[in-house]
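Topology and contacts: notes
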Amino acid sequence: MNTSKTVVLITGALTGIGRATALAFAREGAAVAVSGRRDEAGHALAAELRALGARAEYLRADVRVEADVRALVEQVVERFGRLDVAVNNAGTEGQLGLLTEQSEDNYRATFDTNVLGTLLSLKHEMRVMLKQGHGAIVNLSSIAGQVGFPGASIYVGSKHAVEGLTKSAALEGAAAGVRVNAVAPGPVQTEMLDRFTGGNEDAKSGFLASLPARRAGSPEEIAQTILFLASDKARFLTGQCVNVDGGFTAQ
Ligand SMILES: NC(=O)c1ccc[n+]([C@@H]2O[C@H](COP(=O)([O-])OP(=O)(O)OC[C@H]3O[C@@H](n4cnc5c(N)ncnc54)[C@H](O)[C@@H]3O)[C@@H](O)[C@H]2O)c1
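Residues numbered from 1 in each chain as written. Predicted model: local features only at pLDDT ≥ 70, side-chain atom pairs only at ≥ 80, totals over all residues. Heavy atoms only, no water.

Going by what an unreviewed UniProt entry lists, the chain is known as SDR family oxidoreductase and is assigned to Roseateles puraquae. The UniProt entry for the chain carries the following comment under Sequence similarities (unreviewed entry): "Belongs to the short-chain dehydrogenases/reductases (SDR) family." (UniProt positions renumbered as here; feature names shortened; annotations may be inferred.)

Spelled out as structure tokens, the structure:
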């Protein structure tokens, strides 16, 4: 990929995997639009990316709101001239707990972010990319998009839906040169993992010790796979989900 000419949009970019991905693209010389809901943190991240020599801007958007997502994509095209790569990273684990205790509210909150948010992002990104005749999109799934987890049924359902959206979008984009893939991280050392393990260090280290690789992944390790999927090296790769999980789903 000639990243010096690549225009990249990342949703939910202010923390964790999104932030690491923004930094990795910036280091490769891409122009990066970082999006999120906290203006101060967003402007600070854009400044950090510019300090690395990248062209970068923060644009506010809540991925659950179509007007926000439409305006976000429009602004990227207006300011950067086109949209080459989109990373649909914004996501939430919602309220974890047994299925028998789940509520409609938690279902709606989790699916609105993870499923509707991904759908709206795909819709507006693909409209631009199909017109351009090129583009690469990477959605964030999870190992919870591949297998079940007790106590995380709604999150699991939402990430399975992200994989379905990825395949259908890939089929609609393939002939026009628009590729759509997903990455499915295993446990990654971010705030989300701490929330998943209830902020309990013993629970976290016990869980990590049970994994094939005996450790969590780093946000940078996920970012590198996203960069590969977005690059020309992956130009015949579409509609796939790459598990970056230290062997978890090989078990
Ligand atoms: N950390 C892990 O172990 C792990 C594992 C598998 C998959 N993932 C997925 O990776 C992605 C990134 O997660 P992370 O680990 O960096 O956690 P994170 O909580 O640090 O990042 C998620 C980001 O999305 C943002 N976000 C949430 N709802 C949003 C909305 N409605 N609009 C805009 N932004 C919104 C959050 O503010 C946050 O910045 C998520 O989709 C997550 O499901 C994470």
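**Structural notes on the overall build of the chain**
Across its full length, the chain carries eight helices and seven strands. Computed over C-alpha atoms, the radius of gyration of the chain comes to 17 Å, within 12% of the 18 Å expected from 2.2 N^0.38 for 251 residues, which places it in the range of a compact globule. Projected onto its principal axes, the C-alpha positions of the chain cover 45 × 35 × 35 Å. Burial analysis of the chain (251 residues in total) assigns 49% to the buried set. For the chain, contacts bridging at least 24 residues in sequence account for 71% of all contacts bridging at least 6. Accessible surface, the chain: about 11600 Å² in total, of which carbon and sulfur atoms supply 52%. Computing the positive centroid from 25 side-chain charges and the negative centroid from 27, the chain places the two 6 Å apart. (Helix = DSSP H or I, 4+ residues; strand = E, 2+ residues; numbered from the N terminus. Rg over C-alpha atoms; globule rule 2.2 N^0.38 Å. Buried < 20%, exposed > 50% of the residue type's maximum accessible area, 1.4 Å probe, protein only. Contact = heavy atoms within 4.5 Å. Areas by Shrake-Rupley, 256 points an atom, 1.4 Å probe, with all protein chains shown as cover. Lys, Arg positive; Asp, Glu negative; His and termini not counted. Charge placed at Lys NZ, Arg CZ, Asp CG, Glu CD.)

**Some details on the UniProt feature "domain: Ketoreductase" (unreviewed entry) in the chain**
When the UniProt feature table is mapped to this numbering, "domain: Ketoreductase" (unreviewed entry) covers residues 6-186. Helix makes up 50% of residues 6-186 and strand 18%. Its end C-alpha atoms lie 28 Å apart.

**Quick notes on the environment of Arg50**
For Arg50, the location among the structural elements is in helix 2 (residues 39-51). By relative accessible area, which is 44% here, Arg50 ends up partly exposed. Sequence separation of Arg50 and Ala26 is 24 residues, and the distance between their C-alpha atoms is 8.1 Å. In contact with Arg50, not counting residues within four places along its chain, are Ala56 and Glu57.

**Considering the pattern of salt bridges**
Applying the stated rule across the entire model yields eleven salt bridges. As a salt-bridge pair, Glu57 and Arg79 come within 2.5 Å of each other at their nearest N and O atoms. With Glu57 in strand 3 (residues 56-60) and Arg79 in helix 3 (residues 66-80), this residue pair connects regions lying 22 residues apart in the sequence. For Arg79, a relative accessible area of 37% corresponds to the partly exposed category. Among the ionic pairs, Arg195 bridges to Glu93, the shortest N-O distance being 2.4 Å. Of this pair, Arg195 sits in helix 6 (residues 191-196) while Glu93 sits in the loop between strand 4 (85-88) and helix 4 (104-132), and the two are 102 residues apart along the sequence. The exposure class assigned to Glu93 is buried, which follows from its relative accessible area of 7%. Through salt bridges that share partners, Asp194, Glu201 and Lys204 make up one connected network. (Salt bridge = Lys/Arg side-chain N within 4 Å of Asp/Glu carboxyl O.)

**A word on the packing of aromatic side chains**
Enumeration according to the criterion identifies three aromatic pairs in this entry. With 5.4 Å between their ring centres and 70 degrees between their planes, Tyr155 and Phe196 make a pair best called edge-to-face. Here the residue Tyr155 occupies a position in helix 5 (residues 153-173), and Phe196 occupies one in helix 6, the gap between them amounting to 41 residues. (Phe/Tyr/Trp six-rings, centres within 6.5 Å; stacked < 30°, edge-to-face > 60°.)

**With respect to the sheet that holds strand 5 (residues 135-140)**
Across the sheet, which stays open at both edges, the seven strands sit in the order 3-2-1-4-5-6-7 with parallel pairing between neighbours. Two strands close off the open sheet at either side, each with one partner strand: strand 3 and strand 7 (241-244). Shown here is a sheet whose adjacent strand axes are inclined to one another by a mean of 20 degrees, direction ignored. Looking at chain direction, strand 1 (residues 7-10) and strand 4 are connected through three bridges and run parallel. By the bridge assignment for strand 4, Leu9 is matched with Ala86. Its contacts with the sheet put helix 2 on strand 2 (31-36) and strand 3, and the angle it makes with strand 3 is roughly 165 degrees. The strands that helix 3 touches are strand 1, strand 2 and strand 3; relative to strand 3, the one it contacts most, it runs at about 155 degrees. (Pairing = 2+ DSSP bridges. Axes fitted to C-alpha atoms, helices over the stretch in contact; angles between N-to-C directions.)

**Focus: the packing of helix 1 (residues 16-27) against helix 8 (residues 219-230)**
Between helix 1 and helix 8, the least distance of the axes is 8 Å, while the angle of their chain directions is 55 degrees. Between helix 1 and helix 8, the angle is such that the two are oblique. For the pair helix 1 and helix 8, the crossing hand works out as right-handed. Of helix 8, the residues touching helix 1 (which contributes Gly16, Ile17, Ala20, Thr21, Ala24 and Phe25) are Pro219, Glu220, Ile222, Ala223, Gln224, Ile226, Leu227 and Ala230. Across the contact of helix 1 with helix 8, the residue classes break down as ten nonpolar, three polar and one charged. (Parallel < 35°, antiparallel > 145°, perpendicular 65-115°, else oblique. Left-handed = near helix turned anticlockwise from the far one by under 90°. Nonpolar A, V, L, I, M, F, W, Y, C, P; charged D, E, K, R; others polar.)

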